[in-house]
Amino acid sequence: MQVKNKAKLKDKNVAVTLVPEDSEDLWYLYNLIKKGDTVQLLTHRNVKKGNQNQITKGKLKMEKILVKLRLLVEDVDYIASDLVMRVNGKSLLQQEYVPLNSYHTAEIELNKEVSIVKSSWDEYDMTLLDELCSIEKKADIGAVVFQEGVAHLCYVTDQMTVLQSKIEKSIPRKNKDFGTRDLDKAMNSFYNMIIQGIIRHFDFNRLKVIILASPGFLAKTLYERLIQECIAMQNSSTKESKICQLILDNKNKILVTHSSTGYLQGLEEVLADPQLQKKLSDTKFLEESEALLRFQRALNDDDGRAWYGLEEITKALNLDAVRYLMVSDELFRSDDIETRKQYIDLTERAKQMGAKVYIFSSLHELGIQLNQLTGVAALLKYPIPDLDDSDEE
């Protein structure tokens, strides 16, 4: 996503001009654009053109022209599989072929500018905008693909692979006089360089999957070295020790696999493997799936630790009793500003109080299940049996 311009208008509204570059950008825009916002973009319209004589004789000809639409948004329609996003609304700009207050549907296209004006950019909007402009925050897969002497550290999204760092090291061949001494020394140094790159570039707390891929057994060796290094460093007082502890806590996210080469085409080959694709899908949603599963078990046990509904969750939060908070992104797109603000405040409070917050996509099966439970649910630290009692009772 490119951000072309950001400006504050005279009426205190803020306008941002963006250029979506892939399907993930459209997904973020779908979450960003809400009813009541103003969207401006260029689009084509078929119009009837002709002079008065042609109009009288009914001989007008259709012509496609480029028009600038400025719409007050009433509805947003997004179909992920078709890479299409449509905005419906009322025209705010009087033009020759676009009457004021006429209703239109416009498609937001990839690599085409769209301007969004909001009277208020809330915390959720600003987070989305920040993620839109940062590949590190959009990507949920990190990958290291390597062979002897060369390694590539990448971020992977559904649409693209972005190289973050390339590591090169001269590796000598086995020497008949000194055996593998020089080779082993160089490979040790090479592994350490990769490990330092992983520590520097990958946020194990945020990334859902980290792929280690190589020909032969190099990836397996790297994984073992990474874990050994982190165990050795976790008790030190350095900044890296905290990162190492984070890696150890999230080592289940690491997938070790085989590639025919250590160059980027090797990563493409790995990502195209159907078996790995299933593993990736399972792992990417593993945390959310496990959180919802724990919640459902507690709900079935009826032990007072599983609750859903805004009123009940708010009461639990007031008691600092929330361990996991699960919220559907559908609630952040509510037409009612106060409702949106309510759920944004709820998630911010939960984070500040140390609760783990999961935002579920309403386009995923997990999000659909959560929406059937009001869209907001929580697993508590300890049982509270009467959260659904009214205050008067």
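Residues numbered from 1 in each chain as written. Predicted model: local features only at pLDDT ≥ 70, side-chain atom pairs only at ≥ 80, totals over all residues. Heavy atoms only, no water.

## Comments concerning the packing of aromatic side chains
Here is step 1: Applying the stated criterion across every chain yields a total of five aromatic pairs.
Here is step 2: Consider the rings of Tyr30 and Tyr78, whose centres lie 5.2 Å apart with planes at 25 degrees: the pair is stacked. Here the residue Tyr30 occupies a position in helix α1 (residues 23-32), and Tyr78 occupies one in strand β4 (residues 61-79), the gap between them amounting to 48 residues.
Here is step 3: For Tyr30, a relative accessible area of 14% translates into the label buried.
Here is step 4: With relative accessibility at 13%, the residue Tyr78 sits in the buried group.
Here is step 5: A ring pair is formed by Tyr124 and Phe332, whose centres lie 4.3 Å apart and whose planes are at 20 degrees; its orientation type is stacked. (Phe/Tyr/Trp six-rings, centres within 6.5 Å; stacked < 30°, edge-to-face > 60°. Helix = DSSP H or I, 4+ residues; strand = E, 2+ residues; numbered from the N terminus. Buried < 20%, exposed > 50% of the residue type's maximum accessible area, 1.4 Å probe, protein only.)

## Points about the state of the cysteines
Here is step 1: The final tally for this structure, using the stated rule, is zero disulfides.
Here is step 2: Not part of a disulfide, Cys230 finds its nearest cysteine sulfur in Cys244, a span of 3.6 Å.
Here is step 3: What makes Cys230 buried here is its relative accessible area of 0%. (Disulfide = S-S within 2.5 Å.)

## Quick look at helix α5 (residues 181-201)
Here is step 1: Given a rise of 1.5 Å per residue, 21 residues ought to cover 30 Å, and the 30 Å separating the end C-alpha atoms of α5 matches this to within 8%.
Here is step 2: Residues of α5 that are buried sit in contact with β8 (141-147), β9 (150-156), β10 (161-168), β11 (209-214), α6 (218-233) and α7 (239-249). (Expected span 1.5 Å × (residues − 1). Contact = heavy atoms within 4.5 Å.)

## Points about the nonpolar core
Here is step 1: If you look at the biggest cluster of nonpolar residues, it comprises 54 residues, and the most contacted ones within it are Leu18, Leu29, Leu32, Met85, Ile108 and Leu325.
Here is step 2: If you tally residues by element for this core, the top one is β4, at seven residues.
Here is step 3: Listed in part, the 34 residues of the second largest apolar core include Ala139, Phe190, Leu218 and Cys244. (Core = buried A, V, L, I, M, F, W, Y, C linked by side-chain atoms within 4.5 Å.)

## So, the confidence of the model for the protein
Note: predicted coordinates in regions of low pLDDT should not be interpreted at a detailed level.
Here is step 1: Looking at the protein, pLDDT values average 85 and 90% of them are 70 or higher.
Here is step 2: Ranking the helices and strands of the protein by mean pLDDT puts strand β16 (residues 376-380) first, with 95, and helix α2 (residues 52-57) last, with 57. (pLDDT = per-residue confidence, 0-100.)

## Observations concerning the sheet that holds β16
Here is step 1: Taken in spatial order, the four strands of this open sheet run β13-β16-β14-β15, and their pairing is mixed. Each having just a single partner strand, β13 (306-308) and β15 (356-360) make up the two edges of the open sheet. Here the average twist between neighbouring strands, direction ignored, is 15 degrees.
Here is step 2: Two strands pair when backbone bridges link them, and β13 and β16 are joined in this way by three bridges, in the antiparallel orientation. If you follow Tyr308 over to β16, its bridge partner there is Ala377.
Here is step 3: Together, β13, β14 (322-328) and β16 form the strand contacts of helix α11 (residues 310-318), whose direction differs from that of β16 by roughly 35 degrees. (Pairing = 2+ DSSP bridges. Axes fitted to C-alpha atoms, helices over the stretch in contact; angles between N-to-C directions.)

## Quick look at the sheet that holds β9
Here is step 1: Spatially, five strands are ordered β10-β9-β8-β11-β12 in an open sheet, and the strand pairing comes out mixed. At either end of the open sheet lies a strand with only one pairing partner, and these are β10 and β12 (254-258). On average, each strand axis in the sheet is tilted by 20 degrees relative to the strand beside it, whichever way the strands run.
Here is step 2: Across the sheet, α5 lies against β8, β9, β10 and β11, angled at about 15 degrees from β9, the strand it touches most.

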